[in-house]
Amino acid sequence: MAEFKQQTLLLSESLPDFTAAIKAADRKNSGDWEIVRWEDIHPHLLMPKQERVVEHLEEGEETFTARFTSRTQALRASSAWVRTSVKGYSESGHWGVWRWNDGGHTIYQTALPVHRPVAGTTTIGSRSTSNQLDSELVSVRGRTLREARKIMLEDQVSLEDVVARAMREYQRVRFFEKMDRAYLKLQSDHEAWAEELSERRQTEGTLTDDLEPDEFVAPVTSGEEQRVAGG
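Sequence order sets the numbering: in each chain, residues are counted from 1 along the sequence as written. Local features in this predicted model are restricted to residues of pLDDT 70 or higher, and side-chain atom pairs are both shown and tallied only at a pLDDT of 80 or more, whereas totals for entire chains, interfaces and linings draw on every residue. Side-chain figures throughout are based on the complete set of non-hydrogen atoms in the structure, without hydrogens or water.

So, the confidence of the model for the protein chain
Consideration 1: Within the protein chain, residue pLDDT values average 76, and 71% of them lie at 70 or more.
Consideration 2: Here pLDDT means the predictor's own confidence in every residue, given as a number from 0 to 100. A contact between two residues is defined here by any heavy atoms of the two lying within 4.5 Å. Overall, residues 222-231 carries pLDDT values under 50, and its contacts beyond four positions in sequence, including any with other chains, amount to 14 contacts.

So, in structure tokens, the structure goes:
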């Protein structure tokens, strides 16, 4: 039983957009599971509605329904069909998710709950205290989600890491945008800008930190020629 629970965890991790549905089916002991397939999309990047339901499985002259009363039955049936009907299959890296090549495409197959999400959405979790909200519940979907997942796979980081790094970059860009706006506002006030230029000229003779005169270049300001200290 412990081994099966661990395998279930691996299946949930392989298909992050379906994790909630898989866990919900476990909690409810749902008996509605079906076999699904998709093409050329890494399991980590698969979003709801990109998979298609396999209505029947054919073995020789016999045809079997691909809907089952338990996940165990569905996964075992999927495994048995792949092993007997497909050449060059693999399950490496994603337990319960089989893959093989067919006509230049990579085909994937697994079992999922019948009741699952209808739109691709990943949620960045939230947690609150009695005094304040520690984090927000945010939905990431579509192209943004696909690009975030791609970065996660390439850099081997979590979604939280990707969001944190994006936030730091946003703050850096925002800082310089605010600084640019402040300078534009200052330049629009002719009197204040004249005072700014006057102060800059007064500081041109400050220490050059042991630099030779021909090595120190004073800051270039709008409308002024570049001055070399000591020149």
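A word on the pattern of salt bridges
Consideration 1: We count a salt bridge whenever a side-chain nitrogen from Lys or Arg sits within 4 Å of a carboxyl oxygen from Asp or Glu. This structure, assessed with the given rule, holds five salt bridges.
Consideration 2: Across the pair arginine 143 and glutamate 147 runs a salt bridge, and its minimum N-O distance is 2.8 Å. With arginine 143 and glutamate 147 both in helix α4 (residues 142-155) and four residues apart, the pair spans about one turn of that helix.
Consideration 3: Among the salt bridges present, the one from glutamate 169 reaches arginine 172, with a minimum N-O distance of 2.7 Å. Remark: arginine 172 and glutamate 169 occur in helix α5 (residues 159-188); sequence separation between them is three residues, near one turn of the helix.
Consideration 4: With a relative accessible area of 39%, glutamate 169 lands in the partly exposed category.
Consideration 5: Classification of residues uses two cut-offs on accessible area relative to the type maximum, computed with a 1.4 Å probe and protein chains only: under 20% is buried, over 50% is exposed, and between them is partly exposed. Using a relative accessible area of 43% as the deciding quantity, one classes arginine 172 as partly exposed. In this text, helices come from DSSP runs of H or I with a minimum length of four residues, and strands from runs of E with a minimum of two, each type numbered from the N-terminal end.

Examining α4
Consideration 1: An ideal rise of 1.5 Å per residue puts 20 Å on 14 residues; α4 measures up with 20 Å between its terminal C-alpha atoms.
Consideration 2: Within α4, burial applies to Leu145, Ala148 and Arg149. End-on view of α4: buried residues confined to an arc of 100°, all on one side of the axis. α4 presents Arg143 and Glu154 as exposed residues on the side facing more than 90 degrees away from its buried surface.
Consideration 3: After α4 finishes, the residue glutamine 156 shows a positive phi value of roughly 55°. An expected span of 1.5 Å times one less than the residue number is assigned to each helix. To be clear, the arc concerns the directions from the helix axis to the C-beta atoms.

Some thoughts on the packing of aromatic side chains
Consideration 1: The rule is short: rings of Phe, Tyr and Trp, with Trp giving its six-membered ring, pair when the centres are within 6.5 Å, and they are stacked under 30 degrees, edge-to-face over 60, tilted in between. One pass over the structure, following the stated rule, counts four aromatic pairs.
Consideration 2: Their ring planes at 75° and their centres at 5.6 Å tell us that tyrosine 89 and tryptophan 98 sit as a pair that is edge-to-face.
Consideration 3: For tyrosine 89, a relative accessible area of 31% gives the class partly exposed.
Consideration 4: Taking the relative accessible area as the measure of exposure, tryptophan 98 reaches 3% and is therefore buried.
Consideration 5: The ring of tryptophan 81 carries arginine 37 above its face, with NZ or CZ at 4.5 Å from the centroid. For a ring to carry a charge above it, either NZ of a lysine or CZ of an arginine must fall within 6 Å of the ring centroid while also lying within 35 degrees of the normal to the ring plane.

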